[in-house]
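Fold and contact review
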Amino acid sequence: MLKAPDYQVAGHKALDGQLGPLVDGSGRFYKPFQKDERGVQEVAFYTTFSSNTKILDHIRRFFPIFYGTQLVEASDGSGLCPHIVLQDLISNRIHLSIMDIKIGSRTWYPQASEDYFQKCIKKDRETTTVPLGFRISGLQAYESEESGFWKPNRKHVLDFTMNDVRSALRKFVSSNPSSDAEPDCSYASIVYGGSTGILAQLLELKAWFEDQTVFHFYSCSVLMLYEKQAVLEGRSDAEVKLVDFAHVFDGEGVIDHNFLGGLCSLIKFISEILTSPDQFSVKGGLQDSENNCFCSENSIKE
Ligand SMILES: Nc1ncnc2c1ncn2[C@@H]1O[C@H](COP(=O)(O)OP(=O)(O)OP(=O)(O)O)[C@@H](O)[C@H]1O
Ligand SMILES: O=P(O)(O)O[C@@H]1[C@H](O)[C@H](O)[C@@H](OP(=O)(O)O)[C@H](OP(=O)(O)O)[C@H]1O
């Protein structure tokens, strides 16, 4: 039985009769073909990427496994529709903290139509995409059984300023994300730091982007995820993944400087939290309770 995923923090959602992704509960994620040429382009990317033998496993692990396409009942009631079948990156998680970060200082690609360019550049200018080279598209951080998840609503996330981004990256690894107090960053060293933490993984990805000239990724997201329980047990299960390949183009022998620049910028923000967890405290950022949702564990709402 397919159902909407529990931990989707951005993108089109299978709620209220909308078209969105579904999961089967046993490790597969079904993303409906998006309209226009996007669905076809995303399948083309996965097909090319999966068959490229030059991509080594330490890079391949950042991408969901591709299981082909399948006709399944769409979430909007429109009947059987083609879906991209992917590895569910989130299955078997209980209290997942996850952040979706759209990378690049521009989400439009050179071949885009004028209308698409206008739509993208407007949003790029209104968000941190232009000044930071990335924007947070959605997130949730698990706090506790009593207070549940800290999950700022979509509109508020899109309005994030540079300080809000700093604050959100700190709250994401804090034991008190929903508190008005300064985020304590108590999980930063285990989630962001260490030889297998998020920073190390981002640096590995960066090394690939410094070299690869095969693909240019526009409007693609980095997902950062971890479980609080693992952190409390002293284990790091933090992972970096890449999703959303509806706008991937042939790199034509040129480095993807748009993605690489955004990735470097994100790396710098995370490094700063590790080196100076007490600095850059951002009083006033993200404190407005109207814009935040502190949900009990089993009832995440936006
Ligand atoms: N393979 C996957 N496994 C689990 N969750 C996923 C997977 N791919 C995507 N997600 C979840 O779905 C969200 C949206 O994914 P994606 O960006 O591919 O959708 P989209 O509708 O194309 O988004 P956008 O509107 O930004 O273009 C991600 O933030 C993540 O929470
Ligand atoms: O950042 P947000 O607010 O989630 O907005 C979405 C985001 O910009 C996506 O990248 C875009 O899909 P494309 O990149 O594929 O155009 C989508 O367009 P859509 O609503 O027209 O699908 C937007 O709704």
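In this text, all values refer to a predicted model and were calculated from it rather than measured experimentally.

Right, let's get into unusual backbone geometry. For D36, which is not a glycine, the phi torsion comes out positive at approximately 55°. With respect to the helices and strands, D36 occurs in the loop between β2 (28-32) and α1 (38-51). Exposure remark for D36: the relative accessible area of 59% places this residue in the exposed category. The backbone of N92 sits at a positive phi, close to 65°, despite the residue not being glycine. Note on placement: N92 falls in the loop between β4 (80-87) and β5 (96-103).

Quick look at the site of ligand 1 now. Taken together, the neighbourhood of ligand 1 is formed by 19 residues, with H12, K31, L89, D100 and D244 sitting nearest. For ligand 1, a nitrogen atom lies 3.0 Å from a polar atom in the backbone of Q87. At 2.9 Å, a backbone N or O of L89 approaches a nitrogen atom of ligand 1. Alone, ligand 1 offers 620 Å² of accessible surface; in the complex the protein occludes 89% of this. Each residue belonging to the shell around ligand 1 can be placed in one class, and the counts come to 9 nonpolar, 5 polar and 5 charged. Counting the residues that make up the shell around ligand 1, at least three belong to each of domain 1 (22-87) and domain 2 (96-278).

Around ligand 2 sit H12, K35, R38, K102, Y116, K119, K123, R135, R154, L158, S219 and H247, and those are all the residues in its vicinity. K119 places a polar side-chain atom, nitrogen or oxygen, 2.7 Å from an oxygen atom of ligand 2. In this structure, R154 approaches ligand 2 through a side-chain N or O atom, which is 2.4 Å from an oxygen atom. In the complex, the protein chains occlude 79% of the 500 Å² of accessible area that ligand 2 would expose alone. Going through the elements one at a time, α3 (114-126) and α5 (154-158) are the ones with two or more residues in the shell around ligand 2. Tallying contributions element by element places α3 first for the shell around ligand 2, with 3 residues.

A word on the domain arrangement of the protein chain. As assigned here, the protein chain comprises domain 1 (22-87) and domain 2 (96-278). Relative placement of domain 1 and domain 2: their C-alpha centres are 22 Å apart. If you look at the interface, domain 1 gives 18 residues, while domain 2 gives 18 residues. In total, domain 1 and domain 2 occlude about 1600 Å² of area from one another, counting both sides; carbon and sulfur atoms represent 63% of this. For the salt bridge of K31 with D244, the shortest nitrogen-to-oxygen distance reads 3.3 Å. Taken together, domain 1 and domain 2 are joined by 6 residue pairs in polar contact (both at pLDDT 80 or more). Elements that contribute at least two residues to the side of domain 1 that touches domain 2 include exactly α1 and α2 (57-60). The greatest single-element share of the side of domain 1 that touches domain 2, amounting to 7 residues, is contributed by α1. Its residues assigned to classes, the side of domain 1 that touches domain 2 comprises 8 nonpolar, 5 polar and 5 charged.

For strand β10 (residues 239-243), the tally of buried residues reaches 4 of 5 residues, placing the bulk of the element in the interior. In the sheet, strand β9 (residues 221-227) pairs with β10 via 5 bridges, with the strands oriented antiparallel. Looking at β10, one finds that L223 is bridged to K241.

Now for the pattern of salt bridges. Scanning all chains against the criterion turns up 14 salt bridges. Linking D6 and K3 is a salt bridge whose minimum nitrogen-to-oxygen distance equals 3.5 Å. Given the relative accessible area of 54%, D6 is considered exposed. Each of the salt bridges in this network shares a partner with another, and the network as a whole consists of R93, D237, E239 and K241.

A word on the nonpolar core. Counting residues in each nonpolar core, the largest one holds 57 residues, and the members touching the most others are F63, Y192, F217 and M224. A total of 8 residues in this core trace back to one element, the largest contributor, which is helix α10 (residues 257-275). Shared between two domains, this core holds at least three residues of each, these being domain 1 (22-87) and domain 2 (96-278). Residues contacting F63, with those up to four places away along its chain left out, are F45, F49, Q87, W208, F217, L242 and F245.

Note on helix geometry: an α-helix contains 3.6 residues per turn, so any two residues three or four positions apart are oriented the same way. Counting buried residues along helix α6 (residues 162-171), 8 of its 10 residues qualify, which places the element largely inside the surrounding structure. Buried within α6 we find D164, V165, R166, S167, A168, L169, R170 and K171. Buried residues belonging to α6 abut β5, α4 (129-132), β6 (134-144), β7 (148-150), β9 and α10.

About the cut-offs
- Residues numbered from 1 in each chain as written.
- Chains lettered and ligands numbered in written order.
- Predicted model: local features only at pLDDT ≥ 70, side-chain atom pairs only at ≥ 80, totals over all residues.
- Heavy atoms only, no water.
- Helix = DSSP H or I, 4+ residues; strand = E, 2+ residues; numbered from the N terminus.
- Buried < 20%, exposed > 50% of the residue type's maximum accessible area, 1.4 Å probe, protein only.
- Near = heavy atom within 4 Å.
- Polar contact = N/O pair within 3.5 Å; in protein donor to acceptor, adjacent residues only side chain to side chain.
- Areas by Shrake-Rupley, 256 points an atom, 1.4 Å probe, with all protein chains shown as cover.
- Nonpolar A, V, L, I, M, F, W, Y, C, P; charged D, E, K, R; others polar.
- Domains from an automatic or database assignment.
- Contact = heavy atoms within 4.5 Å.
- Buried area = accessible area lost by both parts, 1.4 Å probe.
- Salt bridge = Lys/Arg side-chain N within 4 Å of Asp/Glu carboxyl O.
- Pairing = 2+ DSSP bridges.
- Core = buried A, V, L, I, M, F, W, Y, C linked by side-chain atoms within 4.5 Å.

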